[in-house]
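Descriptive structure summary
Given next are the chains, with one letter for each unit.
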Amino acid sequence: MGSGQGRRIVVIGAGIVGASLAYHLAGKGANVTLVEAEDIASGVTGSSFAWLNTSHPEPDPIAQLRGSAIKEYRRLETQLPGLEIRWTGALSYSVMAIGALPIPGHQASANLVSRSQILDLEPNLKNPPQSALYAAEEGALDAVAATHALIAGAQAYGAKILTQTRVLGFVTQSATVTGVETTIGIIDADIVVLAAGTGITKLTDMLGVSLPIEASPAIFIRYKSQPNLVHTLISSPEMEVRQSSDGALLAAEDYLDDAMENQPAAIALRTAKTIQNELHGVVSIDPEWACVGLRPMPADGIPIIGYLPKVGGVYVCAMHPGITLAAIVGRLASEEIIDDKASSSLCPCRPDRFLQA
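Predicted model, so just to flag it, every value in this text is computed and none were measured. (Residues numbered from 1 in each chain as written. Predicted model: local features only at pLDDT ≥ 70, side-chain atom pairs only at ≥ 80, totals over all residues. Heavy atoms only, no water.)

Take the overall build of the protein chain next. From N to C terminus, the protein chain includes seven helices and 20 strands. For 357 residues, the compact-globule estimate of 2.2 N^0.38 gives 21 Å, and the C-alpha radius of gyration of the protein chain, at 21 Å, lies within 12% of that figure. Along the longest, intermediate and shortest principal axes, the C-alpha atoms of the protein chain span 65 × 40 × 40 Å. Of the contacts formed within the protein chain by residues at least 6 apart in sequence, a portion of 71% connects residues at least 24 apart. Taken as a whole, the protein chain presents about 15200 Å² of accessible surface, with 53% of it coming from carbon and sulfur. (Helix = DSSP H or I, 4+ residues; strand = E, 2+ residues; numbered from the N terminus. Rg over C-alpha atoms; globule rule 2.2 N^0.38 Å. Contact = heavy atoms within 4.5 Å. Areas by Shrake-Rupley, 256 points an atom, 1.4 Å probe, with all protein chains shown as cover.)

Looking now at empty space enclosed by the protein. Summed over the entire model, instances satisfying the criterion amount to two cavities of 30 Å³ or more. Taken as a whole, the second largest cavity spans an internal volume of roughly 30 Å³. Every residue along the wall of the second largest cavity is listed here: Arg86, Thr88, Ala140, Thr232, Leu233, Arg242 and Gln243. Split by residue class, the lining of the second largest cavity holds two nonpolar, three polar and two charged. (1 Å grid on protein atoms, 1.4 Å probe; cavity = no way out; pocket = protein on both sides within 12 Å on 5 of 7 lines; lining within 4 Å. Points joined across faces, edges and corners; volume = space filled by probe spheres on them. Nonpolar A, V, L, I, M, F, W, Y, C, P; charged D, E, K, R; others polar.)

Let us now look at the confidence of the model for the protein chain. In this model, the protein chain carries an average pLDDT of 93, and 95% of its residues clear a pLDDT of 70 or more. A low-confidence stretch, residues 96–102 stays under pLDDT 50, and its non-local contacts, those more than four residues away or across chains, total 13 contacts. (pLDDT = per-residue confidence, 0-100.)

On to the side chain of Glu122. The residue Glu122 is located in the loop between helix H3 (115–121) and strand E7 (131–135) in this model. Buried and unpaired, Glu122 has Arg86 as its nearest opposite-charge partner, separated by 8.8 Å. Polar contacts involving the side chain of Glu122 include one to the side chain of Thr232, which spans 2.5 Å. Setting aside residues no more than four positions away along its own chain, Glu122 makes contact with Leu91, Leu229, Val230, His231, Thr232 and Ile234. (Buried < 20%, exposed > 50% of the residue type's maximum accessible area, 1.4 Å probe, protein only. Lys, Arg positive; Asp, Glu negative; His and termini not counted. Salt bridge = Lys/Arg side-chain N within 4 Å of Asp/Glu carboxyl O. Polar contact = N/O pair within 3.5 Å; in protein donor to acceptor, adjacent residues only side chain to side chain.)

What follows deals with the nonpolar core. Membership of the largest hydrophobic core comes to 54 residues, with the highest contact counts inside it found for Leu25, Tyr73 and Leu141. Taken together, the elements giving at least two residues each to this core come down to strand E1 (8–12), helix H1 (16–27), strand E2 (31–35), helix H2 (63–79), helix H4 (143–156), strand E13 (191–194), strand E20 (314–318) and helix H7 (322–339). Looking at this core element by element, the count peaks at 10 residues for H7. Discounting residues that sit within four places of it in the chain, Leu25 has contacts with Ile9, Val11, Ala30, Val32, Val193, Ser334, Ile337 and Ile338. (Core = buried A, V, L, I, M, F, W, Y, C linked by side-chain atoms within 4.5 Å.)

So, about the packing of aromatic side chains. Taken as a whole and assessed by the stated rule, the structure comprises three aromatic pairs. An angle of 45° between the planes, with centres 5.7 Å apart, marks the rings of Tyr23 and Tyr157 as tilted. Of this pair, Tyr23 sits in helix H1 while Tyr157 sits in the loop between H4 and strand E9 (160–162), placing them 134 residues apart in sequence. With centroids separated by 5.4 Å and ring planes inclined at 70°, the aromatic side chains of Phe220 and Trp289 adopt a geometry described as edge-to-face. With Phe220 in strand E14 (residues 213–224) and Trp289 in strand E18 (residues 286–298), this residue pair connects regions lying 69 residues apart in the sequence. (Phe/Tyr/Trp six-rings, centres within 6.5 Å; stacked < 30°, edge-to-face > 60°.)

As a packed pair, H1 and H4 sit with axes 8 Å apart at the nearest point and diverge in direction by 25°. On the basis of their axis angle, the class for H1 and H4 is roughly parallel. Regarding H1 and H4, the two cross each other, and that crossing is left-handed. Judged by residue contacts, Ile16, Ala19, Ser20, Ala22, Tyr23 and Ala26 of H1 engage Ala143, Ala146, Thr147, Leu150, Ile151, Gly153 and Ala154 from H4. Broken down by class, the residue content of the contact of H1 with H4 amounts to 10 nonpolar, three polar and no charged. (Axes fitted to C-alpha atoms, helices over the stretch in contact; angles between N-to-C directions. Parallel < 35°, antiparallel > 145°, perpendicular 65-115°, else oblique. Left-handed = near helix turned anticlockwise from the far one by under 90°.)

Bringing the pattern of salt bridges into the picture now. According to the stated counting rule, one finds 13 salt bridges in the structure shown. Glu72 is the salt-bridge partner of Arg331, the closest N and O atoms lying 2.7 Å from each other. Separated by 259 residues along the polypeptide, Arg331 in helix H7 and Glu72 in helix H2 bring together distant segments of the chain. Residue classification places Arg331 among the partly exposed residues on the basis of a relative accessible area of 25%.

The computed volume of the second largest pocket comes to approximately 380 Å³. What lines the second largest pocket is a set of 24 residues, and nearest its centre among them are Leu141, Asp142, Ala143, Arg242 and Ser244. Secondary structure elements with two or more residues in the lining of the second largest pocket: strand E4 (85–86), strand E8 (139–141), H4 and E14. Here the lining of the second largest pocket gets four residues from one element, more than from any other, and that element is H4. Taken together, the residues that form the lining of the second largest pocket break down as 11 nonpolar, seven polar and six charged.

For the bond running from Glu58 to Pro59, omega is -10°, close enough to zero to count as cis. Along the chain, the position of Pro59 falls in the loop between strand E3 (51–52) and H2. With an omega of 0°, the peptide bond running from His320 to Pro321 counts as cis. Within the secondary structure, Pro321 is located in the loop between E20 and H7.

Shown next as structure tokens:
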């Protein structure tokens, strides 16, 4: 299909970012091997609220990238029958004086809606605000199912998937990586792509390059509840909730600390009470599971995407929000790697901003 015929590319990490990279690279004719230490979507992808959220306060260095995120998922949906996205729109309101406008600096595509419009969108809200922002084009996806759909698409293009395969090191020749040493042997590579989320720092350390990526914790909760309680995605001072296609109620909460009363299970019970206080019709709400997801957060908050300086043949992909950006970054990175076509949208993201001598 593309000019990538036969280029051997090893992608490390089978979360949604690695899966998107594998799919786009294999679609351009590269010979892709996806290596994962555990199972598909076993990292932060599996414990993510998965809101395709493109709003961001100004200034936003990656506004261009964020601006293409939704369109790119719309394109992927037409290519991958298994990719199901709920385009419900998102309703957000913040802690401000009653009747005041929500946070300025959100993108123009979010409309200010009145109290009666809010109740049209979310009839079960007990305490609707005077106004809120409604981003009609936003949505959410089942990140695990989406990752599997991308991987199935990659395999259809001939990609090999190796789970339960840990990376032990790299084979280098004159400062260029030529292979990946794994628990099942050495895999030769022309390019290695690091998409292992918070595991990336361990991999770059092996190459003598240190990247400032923090593991930023967030709590993700899944409840059994009634269907049709929440129609959009609600992000308010009280709660961040959405309903999945199978009727489960999903919530995201900030991680506070590791005190007993702030363990995921305890927070899940407190959040359940809040949801009952905020919504009519919550007859039962039982936490199915609650966990902490560790998001890869670059020190300056901007994704780290591009070739590593000082060592040849290694391309890094570390970002938050990873799920929102996975589709667009998968496509742009594959164009950079296979077509040598540098993307202006990725310019602010280069790793060398941290590694200037």
